Amino acid sequence: MAILQRGGLVAFPTETVYGLGADASNPAAVARIYEVKGRPAGHPVIVHIGDVGQLDCWAREIPGTATRLAERFWPGPLTLVLKRALGVGDYLTGGEDTIGLRVPGHPVALDLLREFGGGIAAPSANKFGRISPTTAEHVRSDLGSEVDLVLDGGPCEIGIESTIVDLSRGRPVLLRPGRIGTGDIAATLGVALQSRDSDAPRAPGTLAAHYAPRQPLRLIESDQWERSVQGTSHGRGVLSFRSPPEGDMSTMWIEASRQAQRYGHDLYANLRALDSSGCDRILVEEPPATAEWAAIRDRLGRARSG
Ligand code: TXA
Ligand code: MG
């Protein structure tokens, strides 16, 4: 608490990934987030709030769609993009006229927010462009002493970042897929979500290259798998739904869950393990092209090289 009040950085667990938090009303504190992450200036951050009642401190227009989604999904893994309130600075929004807001569904995050009282600006607690952290250990190994405090809440339950929905421009637009699927949102709103278009706001989580391991990552379609793994296995790291063939010499082979929620929970930890296994390339078997795998396929698509 005192750390946030004096402009320091506190990394904290949420149900999605760990966040790197600073007092959202303090421009210098938020600037430190950018420094520590190595994030280019001009990207908006999500402001986390402890209660839906704080929405109007940050947003000047709260459409009925926002109220309905907040009632249904908060606290939870959903970020709403709304027109920003007067006085919300460019340092939070990257100069956009909108602000991203979320009430996270994790007891440690909620305690922190409610005790602090104000909004906490928090991107994922990783270096810019790298894999998001899903344990306190990940945060310490990425950001180490640059963070004033790391609150340890154990592994994140969901493991991939929140769904982001833009409600600032009339029709709701999906900016980033997550655990809460487009079907759940459409059912709550009674209208279908539009997908991102060219005048959607900039979002680093939507850059083509993001969430990337250091080693080159290739995605392989399931029906090409047998052929692709026949080559030399030395030096490769593998994330597949299958077990390794007889005599496989891969540096590391992780047999992934066929259950999407479990897969998502483990995904970033698995990519980190492969990345630091000493392999020189990572092969990932593509998950099915169905709705429950949409967010996972999105992140794998951005983690791949080239
Ligand atoms: O699950 C999550 O959302 C995690 C946890 C810590 O809450 N946070 C997270 O933050 O993933 P970050 O900064 O890594 O990604 C937030 C995404 C970025 O792509 C950012 O551009 C987008 O949200 N975003 C934030 N405010 C926005 C705005 N006003 N308009 C459009 N996109 C926005
Ligand atoms: Mg991030």
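Here's what I pulled together on the structure shown here.

**Observations regarding the overall build of the protein**
Alright, step 1. Counting its secondary structure elements, the protein contains 11 helices and 14 strands.
Alright, step 2. The globule rule puts the C-alpha radius of gyration for 306 residues at 19 Å, and the 19 Å found for the protein is close to it.
Alright, step 3. Each principal axis of the C-alpha atoms in the protein carries an extent, and together these give about 65 × 45 × 30 Å.
Alright, step 4. Scored against the burial criterion, the 306 residues of the protein give a buried share of 54%.
Alright, step 5. Taking contacts inside the protein between residues at least 6 apart in sequence as the whole, the part at least 24 apart equals 65%.
Alright, step 6. Charge-centre separation for the protein: the mean point of 33 positive side chains lies 3 Å from the mean point of 36 negative side chains.

**Topic: the packing of aromatic side chains**
Alright, step 1. Scanning all chains against the criterion turns up 5 aromatic pairs.
Alright, step 2. Aromatic side chains Trp225 and Trp253 sit 6.1 Å apart centroid to centroid with 85 degrees between the ring planes, which places their arrangement in the edge-to-face category. You can see Trp225 sitting in helix α9 (residues 225-228) and its partner Trp253 sitting in strand β13 (residues 252-255), a full 28 residues away along the chain. Neither residue differs from the other here; Trp225 and Trp253 are each classed as buried.
Alright, step 3. Ring geometry for Phe241 versus Trp293: centroids 5.7 Å apart, planes at 85 degrees, classification edge-to-face. Here the residue Phe241 occupies a position in the loop between β12 (236-240) and β13, and Trp293 occupies one in the loop between β14 (281-285) and α11 (294-303), the gap between them amounting to 52 residues.
Alright, step 4. What makes Phe241 buried here is its relative accessible area of 7%.
Alright, step 5. Given a relative accessible area of 2%, Trp293 falls into the buried group.
Alright, step 6. Feature note: the residues Phe241, Tyr263 and Trp293 constitute an aromatic cluster, connected by ring pairs.

**Some details on helix α6 (residues 107-116)**
Alright, step 1. Three or more residues of α6 are buried, namely Ala109, Leu110, Leu112, Leu113 and Phe116. Seen along its axis, α6 keeps its buried residues to an arc of 160 degrees; they face one direction. In α6, the exposed positions that point more than 90 degrees away from the buried face belong to Pro107, Asp111, Arg114 and Glu115.
Alright, step 2. Buried residues along α6 sit against α1 (2-5), β1 (10-12), β2 (19-23), β3 (46-48) and β6 (120-121).
Alright, step 3. Within two residues after α6, Gly117 carries a phi angle of roughly 90 degrees, on the positive side.

**Here we look at the pairing of strand β8 (residues 163-166)**
Alright, step 1. With burial as the criterion, each face of β8 is covered, one bearing Thr163 and Val165 and the other bearing Ile164 and Asp166.
Alright, step 2. Of the strand pairs in this sheet, strand β4 (residues 78-83) and β8 are connected by 4 bridges, and their pairing is parallel. Bridge pairing in β8 places Thr79 opposite Ile164.
Alright, step 3. Pairing between β8 and strand β9 (residues 173-176): 3 bridges, direction antiparallel. Opposite Val165, over in β9, you have Leu174 as the bridge partner.
Alright, step 4. Two successive antiparallel strands, β8 and β9, enclose a turn made up of 6 residues, where Gly170 displays a positive phi of approximately 85 degrees.

**Here's the deal with the sheet that holds strand β7 (residues 149-150)**
Alright, step 1. A sheet is described by the order of its strands in space; here 10 strands give the open sequence β7-β1-β2-β6-β3-β5-β4-β8-β9-β10, paired in mixed fashion. On the outer flanks of this sheet lie β7 and β10 (194-195), each paired with one strand and no other.
Alright, step 2. Relative to strand β5 (residues 98-102), β3 runs parallel, the two sharing 3 bridges. Looking across to β5, one finds that His48 is bridged to Arg102.
Alright, step 3. Sitting on the sheet, helix α2 (residues 27-37) is in contact with β2 and β6, with an inclination near 155 degrees to β2.

**What about the pairing of β2?**
Alright, step 1. By the criterion of burial, β2 is predominantly enclosed, with 5 of the 5 residues buried.
Alright, step 2. Across 3 bridges, the pairing between β1 and β2 is antiparallel. Along β2, the bridge assignment pairs Val10 with Gly21.
Alright, step 3. The loop that links β1 with its antiparallel partner β2 comprises 6 residues.
Alright, step 4. In this sheet, β6 lies alongside β2 in antiparallel orientation, the contact comprising 2 bridges. Paired with Ala22 across the strands is Ala121, a residue of β6.

Reading the values: rules and limits
- Residues numbered from 1 in each chain as written.
- Chains lettered and ligands numbered in written order.
- Predicted model: local features only at pLDDT ≥ 70, side-chain atom pairs only at ≥ 80, totals over all residues.
- Heavy atoms only, no water.
- Helix = DSSP H or I, 4+ residues; strand = E, 2+ residues; numbered from the N terminus.
- Rg over C-alpha atoms; globule rule 2.2 N^0.38 Å.
- Buried < 20%, exposed > 50% of the residue type's maximum accessible area, 1.4 Å probe, protein only.
- Contact = heavy atoms within 4.5 Å.
- Lys, Arg positive; Asp, Glu negative; His and termini not counted.
- Charge placed at Lys NZ, Arg CZ, Asp CG, Glu CD.
- Phe/Tyr/Trp six-rings, centres within 6.5 Å; stacked < 30°, edge-to-face > 60°.
- Arc of directions from axis to C-beta.
- Pairing = 2+ DSSP bridges.
- Axes fitted to C-alpha atoms, helices over the stretch in contact; angles between N-to-C directions.

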